[in-house]
Structures are given as C-alpha cells and as structure tokens.
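# Residue-level structure breakdown
Below are the chains, spelled out letter by letter.
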Amino acid sequence: MKRKIRVGIVFGGMSGEHEVSINSARSVIENLDQNKFEILPIGIDKAGTWHVGLGAYHALGAPIPPQLLTDGVHEEQLAELVPVAQGAVLPMQSVGDIDVVLPILHGPFGEDGTVQGLFELLNLPYVGAGVLASAVGMDKAMMKKVFAEEGLNQARYEVVLRSAFEREPGAVVEQVEASLGYPCFIKPANLGSSVGISKAKNREELFDSLRLAAKYDRKLIIEEAVDGREIEVAVLGNEQPAASVAGEIVSSGEEFYDYNAKYIDGDSVMVIPAELTPKQSDEVRALALKAFQAIDGSGLSRVDFFLCRQTGEFLINEINTFPGFTIFSMYPKLWEVTGLPYDQLLEKLIELALERHEDKNRER
C-alpha cells in the first residue's frame, strides 16, 4: 500500500490571533483525508513553547479533534502524555519524519516569515508563502511600498514610528491631520484580525487610537477612510496562480469589520459571488493576481480591496498570506463556490508545497 503523507499541523502561536489559529487548525484536521494523510499536531503556546503530539491540545487549553482519537484512547488520558520542546527551536528528534508542514499560524511569529525561515533551515516542505512574501505580507508599511511600485492603487496613508509618536505626539497628530484629515483608521503595521485597529473622527480619538496601536507594534499605519464595499479574492498556486470568484463582506461592525464582527457576534455576512459586473469581476481578480505576484507569493493568499462607491475604482487594502482557515472562513468559501471543496483545497495546498520544495532543491 502507498504510504500516507505525514503532515505536521503547526497551530497556536504567540500572536494576538492564537485562538483564531486553533480554530483554523481544527477545521483543517477535521477535513484532511485520514486515508491519505497522517497528522502530527504541533502546538505553540502563548509563551512560545512547542508541544508535540495529541497532548499539545491540552497544553494549549483546547479540545482534541475527535478525528485524532483512536479506539480505546480518550482525551483525558493524554493530559500527561505531552512531549514538550522547550525554547524557540523545535528539535527534530521531537518530531520525527515529516513530509510536509502546514503552518496554520496567523499574525506575528507565524505568518511573518519567522517560522518559514525555520522550515527553510530544516529543508522541510511547507504550505504557503516563503520567507520574503510572508514578511512583506505581514508588514503593512512594506506591503504598501511594494504595491505602489507595482502601480496598484491604494488609499492615502502615513507610516509613523511609535518612538516618534512617544517623543512628539502633538507633531505626529498635526501631520496626520494635515495629510489625511478625519475620519481615518489607525493600525499596527504587523498584525491581523483587526486587532489593535480603530477609527478616529477627531483629535482626541486619534491620540487614543495611536496609543492603542502602539501597544502592538513599533510601526503604525494611518489610512484615510474609504467609502467603499469590501471585496475579497482568494489566490491559489505558485508561479502560475489562479484567482477565485470575488466575494463581499457585509460587516456587522458599527464602524468597520472589527474583531467582534469577524469572530464573535456572527452577524457579518459573506456574499459569494459578490454582486459585480463581469468587467468588475475580471478586473479585481486580475488585480489580486498582480498583488500576489508582486510579493512573490506562493501557495495561498487572500487579497482584500475596497470598491469605492463614488468612483467605482478598486483600491487594494492588503494581502493575507495565511488567512483564516476554518471551514466557514472567506478563503475556503471563495474556493468552494469557485468549484474546489475544502478537502480538495487542502490536498492542493499540500501538493503545491511539495512542488515548490522540489523545485527549490534543484538549485545548487
């Protein structure tokens, strides 16, 4: 019989999106074909400690997916069976042989090129973007520079260092008022899931918003508010990527698509496919591919746009190199409507990871 492919599922992490990662990993494990794949859970707790094996779920305070429990083994029996790798690097002897890694990590210390660099050093195939694309995709300041160089239209923005704001807060606020005005959005440069993001309508709110974002990053992004529809496209592939149908987020958030609207209240709506003209659909899908290739993406990304209500122009907002991946998340839903079900999507991503790794190892 053909040997199963051994997949290391890395989840958790030290970012503010720790819980989102656990939920994404659970969906992936529940939908991977157990006849084709052997799954090794690898959990990273909030302190950065790596836990290998089924007991990793106990270490992270999460229930074990039933698919991983064999006959006669119950969840409570695994509490004391947690092999643990201390420190920042996971020793290979703690893992054994892995054919491919699926790093289901969102945000810093996972989606930003750091863990990808570890897998490169270990010469392990892994799903998703490489070191460069992951780093650029996470750092919104660098991302915007790359998009500008590629001629992708964006909202007006300013980049402010936390140190500059702490040194001269009044001068920073005056600069933002002069260049962008109100309302505006303030974001940490390196985070996702709307953590640390807020909208400012006046000077007092701008001060508060900058202080909030500064808790999460040394670089702060301030963007003009755009009156537009939120359109998203999923990209899949390596050097010849494909774009899904476009979808639209109708947010339940009062001001924007915040963390509560994304993950808690359940009232936001995904419209797939988005109600666009054929010309608009073709345009935004082409823009998504251009953005993906601009950062040298591979595997997967979700590219987010604003469709301006007044001008009808698409403005690129950001690219996510490992977006939320529960079965209900936008990325897999976009591919499901395009004709690629969740389980087949997972297999395709693993295939792309192995393909990219094989191509890389041709080099001297």
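Summarised in this report is the structure supplied together with it. (Residues numbered from 1 in each chain as written. Predicted model: local features only at pLDDT ≥ 70, side-chain atom pairs only at ≥ 80, totals over all residues. Heavy atoms only, no water.)

## Some words on the overall build of the protein
Across its full length, the protein carries 12 helices and 14 strands. Per-residue burial for the protein yields a buried fraction of 54% across its 364 residues. A separation threshold of at least 6 residues defines the contact pool for the protein, and within that pool the share at least 24 residues apart is 68%. Here the protein has roughly 16700 Å² of accessible surface; of this, 49% comes from carbon and sulfur atoms. (Helix = DSSP H or I, 4+ residues; strand = E, 2+ residues; numbered from the N terminus. Buried < 20%, exposed > 50% of the residue type's maximum accessible area, 1.4 Å probe, protein only. Contact = heavy atoms within 4.5 Å. Areas by Shrake-Rupley, 256 points an atom, 1.4 Å probe, with all protein chains shown as cover.)

## Points about the layout of surface pockets
Approximately 390 Å³ is the volume found for the second largest pocket. Forming the walls of the second largest pocket are 16 residues, and the residues nearest its centre are Glu239, Asp296, Gly297, Ser298 and Arg356. Contributing elements (two or more residues each) for the lining of the second largest pocket: α4 (131-138), α10 (278-294) and α12 (342-360). If one sorts the elements of the lining of the second largest pocket by residue count, α12 sits on top with 4 residues. Of the residues that constitute the lining of the second largest pocket, the class distribution is 4 nonpolar, 5 polar and 7 charged. (1 Å grid on protein atoms, 1.4 Å probe; cavity = no way out; pocket = protein on both sides within 12 Å on 5 of 7 lines; lining within 4 Å. Points joined across faces, edges and corners; volume = space filled by probe spheres on them. Nonpolar A, V, L, I, M, F, W, Y, C, P; charged D, E, K, R; others polar.)

## Some remarks on the pattern of salt bridges
Scanning all chains against the criterion turns up 20 salt bridges. Residue Glu223 is joined to Lys187 by a salt bridge in which the shortest nitrogen-to-oxygen separation is 3.0 Å. Residue Glu223 is located in strand β9 (residues 219-224), and its partner Lys187 is located in strand β7 (residues 184-188); the two are separated by 36 residues in the primary sequence. Classification of Glu223 by relative accessible area gives buried; the value is 4%. (Salt bridge = Lys/Arg side-chain N within 4 Å of Asp/Glu carboxyl O.)

## Some thoughts on the sheet that holds β7
On the basis of which strands lie adjacent, the open sheet formed by 4 strands has the order β6-β9-β7-β8 and antiparallel pairing. Looking along the sheet, the strands with just one partner apiece sit at the ends: β6 (157-161) and β8 (198-200). Sheet twist, expressed as the average angle between the axes of neighbouring strands with direction ignored, equals 25 degrees. In the sheet, β7 pairs with β9 via 5 bridges, with the strands oriented antiparallel. (Pairing = 2+ DSSP bridges. Axes fitted to C-alpha atoms, helices over the stretch in contact; angles between N-to-C directions.)

## Describing the side chain of Asp217
Within the secondary structure, Asp217 is located in the loop between α8 (203-214) and β9. Buried charge without a salt bridge: Asp217, with Arg218 as the nearest opposite-charge side chain at an N-O distance of 6.0 Å. A distance of 3.1 Å separates a polar atom in the side chain of Asp217 from the backbone nitrogen of Ala189. Leaving out residues up to four positions away in the same chain, Asp217 has contacts with Arg162, Pro188, Ala189 and Asn190. (Lys, Arg positive; Asp, Glu negative; His and termini not counted. Polar contact = N/O pair within 3.5 Å; in protein donor to acceptor, adjacent residues only side chain to side chain.)

## Comments concerning the sheet that holds strand β10 (residues 228-237)
Taken in spatial order, the 5 strands line up as β12-β11-β10-β13-β14 in an open sheet, and their pairing is antiparallel. Each edge of the open sheet carries a strand with a single partner, namely β12 (269-271) and β14 (314-320). Here the average twist between neighbouring strands, direction ignored, is 30 degrees. Both β10 and strand β11 (residues 242-250) contribute to a ladder of 6 bridges, which runs antiparallel. Within β11, the position partnered with Val235 by the bridge is Ala243. Across the face of the sheet, α12 comes into contact with β10 and β13 (299-308) while running at roughly 60 degrees to β10.

## Some thoughts on the pairing of β6
Residues Glu158 and Val160 point to one face of β6 and are all buried, whereas Tyr157, Val159 and Leu161, pointing to the other face, are not buried. Bridge analysis of β6 against β9 gives 5 bridges, and the strand direction is antiparallel. Residue pairing across strands places Glu158 opposite Ile222, the latter belonging to β9.

## Some remarks on the packing of helix α1 (residues 18-31) against α12
For the pair α1 and α12, interaxial distance at closest approach is 9 Å and the crossing angle is 95 degrees. For the element pair α1 / α12, the angle class is roughly perpendicular. Contacts from Ser24, Ser27, Val28 and Asn31 of α1 reach α12 at Tyr342, Asp343 and Leu346. Tallied by class, residues from the contact of α1 with α12 come to 3 nonpolar, 3 polar and 1 charged. (Parallel < 35°, antiparallel > 145°, perpendicular 65-115°, else oblique.)

## Remarks on the pairing of β13
Within β13, 10 of the 10 residues are buried, which leaves the element mostly enclosed by the surrounding structure. Bridge count between β10 and β13: 10 bridges; the pairing is antiparallel. Looking at β13, one finds that Gly228 is bridged to Cys308. Pairing of β13 with β14 involves 6 bridges; the strand directions are antiparallel. Residue pairing across strands places Phe305 opposite Ile316, the latter belonging to β14. Remark: 5 residues form the turn of the hairpin made by β13 and β14, two consecutive strands paired antiparallel; Gly312 in that turn has positive phi of roughly 75 degrees.

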